[in-house]
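Below are the chains, spelled out letter by letter.
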Amino acid sequence: MINGFSKKELISLIWSRPNFAQIELTRNCNFRCKFCFENCDVQDKYEDKPPELWKKVIDDLYDLGIKKIHFSGGENFLYPYFTEILKYSKEKDLLNLINTNGSIDISNILEYSDEFVFSLHGYKEVNDEITGFKGSFERTIANIEKALNSGKKVSVNTVLIKENFENYKELYTYLNNKFNNLTYSPTMAIPCYTGKKFDSLSVPINKENMEKYLSYVRMIGKDKFVYKHGLYGLLGEEEKAMQMPVCAAGKSKLIIKYNGNVYPCNFFQTEEFLCGNVFEDDIHKIWNEGKGFKKFREYYLNNNLPEDCMNCKKHNNCFSGCRAWTNSYIHENLRVNKEGDVRCGIIDAHVGAWNYYKMQFELFTLLQ
């Protein structure tokens, strides 16, 4: 009990409204990235919804309590009414975060944007080869410069596959020397079963490769590194009685796809995790009763952790890591199971009481 409230009562209050929504306005894309998690490709054409429908969705999200919208894709700039939608969102005083491959001039939407996430997957020709778009690197660099010059927050996302894993330092060094106020999010590719099959491209998950990846974390440093997929929980934080798990699925975010379908996580886009459709269902009912949201919430509320995780000093925050980094998910069993994140054992992230303070010191050293 905390001030007379049970843990479940407090959590219900915290989860009564999400903090942000991710909206995929379009699945159309002008790239053909080898690893695409959404299976987008320049040759595929998807039917876009009219702006009036998306404005109604933004109204509903605002009423639900959303403070920030993350516009993802596909490529946002291929949606014909993108500027109109961003302007409408800003009229609601919402924060607009925009994901883009950076191939299309961003000048027209700068006044309606707050943050950008640019995709860059290698230095010069490496990026062009992975994205299947000649000249993409230089175009993205030009748009990063425009965003920074306009005072926007800018992060660079890099998906690490065999083709770029060993030479990520080259890309980072170039960007860090050219721009002094970027943040970075290099992520090791994991399969998304609604995306492209790229098993032959994935970096093997083993100790050597995870150590290499952590060397990139150290190189970037704590202030410039953007954590994703439960990594912050794995690297550790001081235990707190009411700490929320780093996984936001069903707790602080909802994912809305181009056709209106809602899911708790981009890696769990299946019928079993479908929470509703924003063009057909009430948004409050979707958030409160969506079956996919319930699965992720129940996993937390039921304290459904393996014994090793329960004995770890970080479990309140990590809460057994990312559900897409489990053996079940990796072997195509899309379930929210009672099992740990495979990276934990590889990087020795588990912290028992006896070595907790030793781990805190090592973590502090790692992130300097």
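Remember, it's a predicted structure, so these values are computed and weren't measured experimentally.

*Asks:* I keep staring at unusual backbone geometry and nothing clicks. Help me out?
*Replies:* Glycine aside, the phi torsion of most residues is negative, and most peptide linkages are trans. Backbone torsion omega between Gly73 and Gly74 reads 15°, so that peptide bond is classified as cis. As for its placement among the helices and strands, Gly74 is situated in the loop between strand 2 (68–72) and helix 3 (82–91). Positive phi, normally seen in glycine, also occurs at Asp93, with a value near 65°. On the secondary structure map, Asp93 appears in the loop between helix 3 and strand 3 (95–100). In the Ramachandran plot, Lys124 falls in the positive-phi region, its phi being about 50° despite a non-glycine side chain. As for its placement among the helices and strands, Lys124 is situated in the loop between strand 4 (115–119) and helix 4 (125–131). Taking the relative accessible area as the measure of exposure, Lys124 reaches 31% and is therefore partly exposed.

*Asks:* How do you make sense of the pattern of salt bridges when you look at a structure like this?
*Replies:* Pairs may arise between side chains of opposite charge once their charged atoms sit close together. Per the stated rule, a full pass over the model turns up 16 salt bridges. Of the charged contacts in the structure, one is a salt bridge between Glu272 and Lys295, with a shortest N-O distance of 3.5 Å. Within this pair, whereas Glu272 is found in the loop between strand 8 (261–263) and strand 9 (276–277), its partner Lys295 is found in helix 10 (residues 291–301), the two being separated by 23 residues in sequence. Classification of Glu272 as partly exposed rests on a relative accessible area of 27%. Each of Glu24, Arg27 and Lys257 takes part in a single network of salt bridges with overlapping partners.

*Asks:* Would you mind showing me how to read the packing of helix 6 (residues 168–178) against helix 7 (residues 207–220) here?
*Replies:* Between two packed helices, both the angle of their axes relative to each other and the distance between the axes serve to describe the pair. Relative orientation of the contacting elements helix 6 and helix 7 amounts to 10°, with a least axis distance of 11 Å. In terms of orientation, helix 6 lies roughly parallel with respect to helix 7. Contacts between helix 6 and helix 7 involve Tyr168, Lys169 and Tyr172 from the former and Tyr216, Met219 and Ile220 from the latter. Taken together, the residues that form the contact of helix 6 with helix 7 break down as five nonpolar, no polar and one charged.

*Asks:* When you look at the state of the cysteines in this model, what are you seeing that I'm missing?
*Replies:* When the sulfur atoms of two cysteines share a covalent bond, that bond is a disulfide. On inspection of all chains with the given rule, the structure shows zero disulfides. You can see Cys33 has no disulfide; the closest cysteine sulfur is in Cys29, sitting 6.1 Å from it. Note on Cys33: relative accessible area 13%, which makes it buried. Not part of a disulfide, Cys247 finds its nearest cysteine sulfur in Cys265, a span of 6.6 Å. By relative accessible area, Cys247 is classed as partly exposed at 25%.

*Asks:* What is the right way to read the packing of helix 5 (residues 136–149) against helix 6 from this model?
*Replies:* Packing of helix 5 against helix 6 brings their axes to within 12 Å, and their N-to-C directions diverge by 35°. Along this stretch, helix 5 crosses helix 6, giving a crossing that reads as right-handed. Contacts from Phe137, Ile141 and Glu145 in helix 5 reach Leu171, Tyr174, Leu175 and Lys178 in helix 6. Looking at the contact of helix 5 with helix 6, its residues break down into five nonpolar, no polar and two charged.

*Asks:* Teacher, can you tell me more about the environment of Leu78 here?
*Replies:* Its location among the elements puts Leu78 in the loop between strand 2 and helix 3. By relative accessible area, which is 31% here, Leu78 ends up partly exposed.

*Asks:* Before we go on, may I ask you to explain the packing of aromatic side chains in this structure?
*Replies:* Taken as a whole and judged by the stated rule, the model has 23 aromatic pairs. Measuring from ring centre to ring centre gives 5.1 Å for Trp54 and Phe279, while their planes differ by 70°; the resulting arrangement is edge-to-face. With Trp54 in helix 2 (residues 51–64) and Phe279 in the loop between strand 9 and helix 9 (283–289), the pair connects residues that are 225 residues apart, well separated along the chain. The interplanar angle of 70° and the centroid separation of 4.8 Å between the aromatic rings of Tyr172 and Tyr184 together place this pair among those described as edge-to-face. One end of the pair, Tyr172, is in helix 6; the other, Tyr184, is in strand 6 (residues 183–188), and 12 residues separate them in sequence. Of the two residues, Tyr172 and Tyr184, both sit in the buried class. Through a chain of ring-to-ring contacts, the aromatic side chains of Phe267, Phe268, Phe273, Phe296 and Tyr329 assemble into a single cluster.

About the criteria used
Residues numbered from 1 in each chain as written. Predicted model: local features only at pLDDT ≥ 70, side-chain atom pairs only at ≥ 80, totals over all residues. Heavy atoms only, no water. Helix = DSSP H or I, 4+ residues; strand = E, 2+ residues; numbered from the N terminus. Buried < 20%, exposed > 50% of the residue type's maximum accessible area, 1.4 Å probe, protein only. Salt bridge = Lys/Arg side-chain N within 4 Å of Asp/Glu carboxyl O. Axes fitted to C-alpha atoms, helices over the stretch in contact; angles between N-to-C directions. Parallel < 35°, antiparallel > 145°, perpendicular 65-115°, else oblique. Contact = heavy atoms within 4.5 Å. Nonpolar A, V, L, I, M, F, W, Y, C, P; charged D, E, K, R; others polar. Disulfide = S-S within 2.5 Å. Left-handed = near helix turned anticlockwise from the far one by under 90°. Phe/Tyr/Trp six-rings, centres within 6.5 Å; stacked < 30°, edge-to-face > 60°.

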